[in-house]
Amino acid sequence: MSHAELAEKVLAGEVRSIARAITLVENGSDSAADIMKSVYPKTGNALVIGITGSPGAGKSSLVDKLALYYKEKGEKIGIIAVDPSSPFSGGAILGDRIRMATLGLDKNVFIRSMATRGNLGGLSRATVDAVAILDAAGYDKVIVETVGVGQDEVEIVKTADVSVVVLVPGMGDDIQAIKAGIMEIGDVFVINKADREGVLRTQKELEALLTLAHRPDMWNPPIVKTIATENKGIEDLAAAVAGYHSFSTSEENAGHKRKEAIAKWRLIELLRERLLTDALRKNGTEDRLSELAREIAEKKLDPYSAVEEIIGNQ
Ligand SMILES: Nc1nc2c(ncn2[C@@H]2O[C@H](COP(=O)(O)OP(=O)(O)O)[C@@H](O)[C@H]2O)c(=O)[nH]1
Ligand SMILES: [Mg+2]
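All residue numbers refer to positions counted from 1 along the written sequence of the respective chain. In the order they appear in the text, chains get letters beginning with A and ligands get numbers beginning with 1. Whole-chain, interface and lining totals are the exception, using all residues; otherwise, since this is a predicted model, local features are given only for residues with pLDDT of at least 70 and side-chain atom pairs are given and counted only at 80 or more. To get the side-chain values, all heavy atoms of the structure are used, and hydrogens and water are removed first.

Trainee: Please provide a residue-by-residue account of the overall build of the protein, values included.
Mentor: Secondary structure summary: the protein contains 13 helices and 7 strands in total. Summary of the burial criterion: residues with accessible area below 20% of their type's maximum are buried, those above 50% are exposed, and those between are partly exposed, where the area comes from a 1.4 Å probe applied to protein chains only. A total of 314 residues make up the protein; the buried ones form 46% of that total. Expressed as a percentage of contacts within the protein between residues at least 6 apart in sequence, the contacts between residues at least 24 apart total 76%. Carbon together with sulfur atoms contributes 55% to the accessible area of the protein, which is approximately 16,300 Å² in total. Helix and strand assignments come from DSSP, with helices taken as H or I runs of at least 4 residues and strands as E runs of at least 2, each series counted from the N terminus. Any two residues whose heavy atoms approach within 4.5 Å at even a single point are treated as in contact. All accessibility values rest on the Shrake-Rupley procedure with a 1.4 Å probe; residue burial counts only the protein chains present in the view.

Given below as structure tokens:
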């Protein structure tokens, strides 16, 4: 199948082609380029929701319940779980199977895990491309779940229309969240596991932190309490997400600056990946990398000279 044919099937919402297209963007920029050129102009209709938080906070549980909620409203939902901890995506695939069982094998729910592509990066670019594919394929909501640690994950969530930060009762997790720098990116905050002790305290701490934060758009992020395992608070979460979305797209805000910032970030990510790939492809540089690394580690070479050597190689 040519890329044009594949793109056509993606745009028609054909599930197997969507999965194939996502594999292509996962594998690298060359194959991604052709498919993305056809897909990109058709994007912009889905509401992209980013969900982040510490491992075990209940993100997957929440995403599943939220997806069910939207599904019952007659919508199509795409779910992308970013799991940098599983390099070979074996664990991720198992996770998908378990989730399929909960959500049912439903043609209106598409679930996909994105795993890390090794040490050359590109995960955030691949994830954002996968979101665009689902958007263009006609999914009404695309939910992206990422663990809130690491720059890549934070960047991914920043590209969402609405970013949700999930916390759980208890000081430790809050501090972790602040450290990871995810406090600033939350448009909506969730205190999940509200069946546990310390909810009020966490809420107070969070409120105090949020009064310190300065948002250029003057939005006051709402705090929603949920018990994902009991399907409680999901409607409130959906309402909070919709609330921020209508605020951010209102005439005064229009979201232009944010969209432009995201576009710039994408451009730089793509450029970085392209230049890196090009540099490594030439003159066997890729094979030289470990050798250069060893020389640098042994102080026989400094990294600056190594880079000059690589670039000079072209
Ligand atoms: N008590 C309680 N447990 C929850 C709740 N939400 C999720 N869990 C449990 O917390 C664990 C981690 O959930 P998961 O959704 O995998 O978290 P993730 O790592 O953030 O995706 C699982 O055992 C869930 O059943 C909740 O609201 N209350
Ligand atoms: Mg999870």
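Trainee: Got a sec to walk through the confidence of the model for the protein? Specific residues and values, please.
Mentor: pLDDT is defined as a per-residue confidence score from the predictor, taking values between 0 and 100. Residue-level pLDDT values for the protein average 84, and 83% of them are 70 or greater. Mean pLDDT in the protein bottoms out at helix α5 (residues 90-103), which sits at 55, and peaks at strand β7 (residues 223-225), which reaches 97. Contacts for the low-pLDDT stretch residues 86-91, under 50 throughout, to residues beyond four places or in other chains number 6 contacts.

Trainee: Give a description of the nonpolar core that names residues and reports values.
Mentor: Core analysis: the biggest nonpolar cluster contains 32 residues, and Ile-18, Ile-22, Ile-35, Ile-133 and Leu-134 have the highest contact counts within it. Elements with a minimum of two residues in this core: α1 (3-11), α2 (15-27), α3 (29-39), β2 (77-83), β3 (109-115), α6 (123-136) and β4 (141-147). No other element matches the 8 residues that α6 contributes to this core. Leaving out residues up to four positions away in the same chain, Ile-133 has contacts with Val-10, Ile-18, Ala-21, Ile-22, Val-25, Met-36 and Val-39. Note on terminology: a nonpolar core comprises buried Ala, Val, Leu, Ile, Met, Phe, Trp, Tyr and Cys residues joined through side-chain atoms within 4.5 Å.

Trainee: Would you mind going over the layout of surface pockets in detail, with residue names and values included?
Mentor: Put simply, the grid is 1 Å and covers the protein atoms alone, a cavity is a trapped set of points that fit a 1.4 Å probe, a pocket is an open set with protein on both sides within 12 Å along at least five of seven lines, and lining residues have an atom within 4 Å of a point. Grid points are joined across faces, edges and corners, and a volume is the space filled by probe spheres set on the points. By volume, the second largest pocket is sized at about 330 Å³. Met-36, Tyr-40, Asp-129, Arg-266 and Leu-270 are, among the 16 residues lining the second largest pocket, the residues nearest its centre. Elements supplying a minimum of two residues to the lining of the second largest pocket: α3, α6 and α11 (256-281). The dominant element in the lining of the second largest pocket, judged by the number of residues it contributes, is α11, at 7 residues.

Trainee: Just give me the short version of the coordination of the magnesium ion (ligand 2), but keep the residues and values in it.
Mentor: The donor set covers N, O and S atoms within 2.8 Å of the metal, switching to 3.2 Å for Na, K and Ca, and it leaves out water, so a site may look short of donors. At the metal site, the magnesium ion (ligand 2) is ligated by Ser-60 (OG) and Glu-145 (OE), and these contacts range over 2.1 to 2.2 Å. With Ser-60 in helix α4 (residues 59-72) and Glu-145 in strand β4, the pair connects residues that are 85 residues apart, well separated along the chain. Judged by relative accessible area, Ser-60 falls into the partly exposed class, the value being 30%.

Trainee: Explain the site of ligand 1 to me, and be specific about the residues and the numbers.
Mentor: Around ligand 1, a shell composed of 15 residues is seen, among which Gly-56, Lys-59, Ser-60, Ser-61 and Asp-195 lie nearest. We define a polar contact as two N or O atoms separated by no more than 3.5 Å, with the added condition that, inside protein, one atom must be a possible hydrogen donor and the other a possible acceptor, whereas residues neighbouring each other in sequence contribute only through side-chain atom pairs. With respect to ligand 1, the backbone of Gly-56 contributes an N or O atom lying 2.8 Å from an oxygen atom. Between an oxygen atom of ligand 1 and a side-chain N or O atom of Ser-61, the distance comes to 2.5 Å. Protein contact buries 68% of the 580 Å² of open area that ligand 1 shows by itself. The dominant element in the shell around ligand 1, judged by the number of residues it contributes, is α4, at 3 residues. Amino acids are sorted into nonpolar (Ala, Val, Leu, Ile, Met, Phe, Trp, Tyr, Cys and Pro), charged (Asp, Glu, Lys and Arg) and polar (every other residue, Gly among them). Among the residues making up the shell around ligand 1, the classes are represented as 4 nonpolar, 7 polar and 4 charged. Residue proximity to a molecule or strand is established when one non-hydrogen atom of the residue lies within 4 Å of it.

Trainee: Give a detailed account of the pattern of salt bridges, specifying residues and quantitative values.
Mentor: Throughout this description, the term salt bridge denotes a Lys or Arg side-chain nitrogen within 4 Å of a carboxyl oxygen of Asp or Glu. Scanning all chains against the criterion turns up 16 salt bridges. Here Glu-230 makes a salt bridge to Lys-232, at a shortest N to O gap of 3.1 Å. By relative accessible area, Lys-232 is classed as partly exposed at 46%. Shared partners join several salt bridges into a network, and the residues in it are Arg-125, Asp-129, Arg-266 and Glu-273.

Trainee: Tell me about the packing of helix α12 (residues 285-297) against helix α13 (residues 303-312), residues and numbers included.
Mentor: Remark: α12 packs on α13, axes separated minimally by 10 Å, with the N-to-C direction vectors making an angle of 165°. Accordingly, the angle class assigned to the pair α12 and α13 is roughly antiparallel. In this structure, the crossing between α12 and α13 has a hand that is right-handed. Two secondary-structure elements touch here, α12 through Thr-285, Arg-288, Leu-289, Leu-292 and Ile-296 and α13 through Pro-303, Ala-306, Glu-309 and Ile-310. Residues belonging to the contact of α12 with α13 are distributed by class as follows: 6 nonpolar, 1 polar and 2 charged. Where helices are involved, their axes are fitted lines through C-alpha atoms of the stretch in contact, as for all axes, and angles between N-to-C directions lie from 0 to 180°. Reported orientations rely on four angle classes, namely roughly parallel under 35 degrees, roughly antiparallel over 145, roughly perpendicular from 65 to 115, and oblique for the rest. Crossings are sorted by hand: turned counterclockwise from the far helix by less than a right angle, the near helix makes the crossing left-handed, and turned clockwise it makes it right-handed.

Trainee: How would you summarise helix α10 (residues 234-248) if you had to cite specific residues and measurements?
Mentor: Taking 1.5 Å per residue as the helical rise, α10 with its 15 residues ought to reach 21 Å, and the 21 Å between its terminal C-alpha atoms agrees with that figure. Every buried residue of α10 is listed here: Ile-234, Leu-237, Ala-238, Ala-240, Val-241, Tyr-244 and Ser-248. The arc that holds every buried residue of α10, seen down its axis, measures 160°, which confines them to one face. Each residue after the first adds 1.5 Å to the expected span of a helix. The arc in question is traced by the directions running from the helix axis to the C-beta atoms.

Trainee: So what's going on with the packing of aromatic side chains? Which residues, and what values?
Mentor: Aromatic rings from Phe, Tyr and Trp, taking only the six-membered ring of Trp, are treated as a pair when their centres fall within 6.5 Å; an angle between ring planes under 30 degrees marks them as stacked, one over 60 as edge-to-face, and anything in between as tilted. The final tally for this structure, using the stated rule, is 5 aromatic pairs. A ring pair is formed by Tyr-244 and Phe-247, whose centres lie 6.1 Å apart and whose planes are at 35°; its orientation type is tilted. With a gap of 3 residues between them, Tyr-244 and Phe-247 both fall in helix α10, about one helical turn apart. In textbook terms, an aromatic cluster arises when at least three aromatic residues are bridged by ring pairs, as seen for Trp-219, Tyr-244 and Phe-247. The criterion is that NZ of a Lys, or CZ of an Arg, lies within 6 Å of the ring centre and within 35 degrees of the ring normal, and then a charge sits over that ring. The side chain of Lys-76 reaches across the aromatic face of Tyr-139, ending 4.6 Å from its centre. A cation over a ring is seen here: Lys-141 above Tyr-70, with NZ or CZ 4.5 Å from the ring centre.

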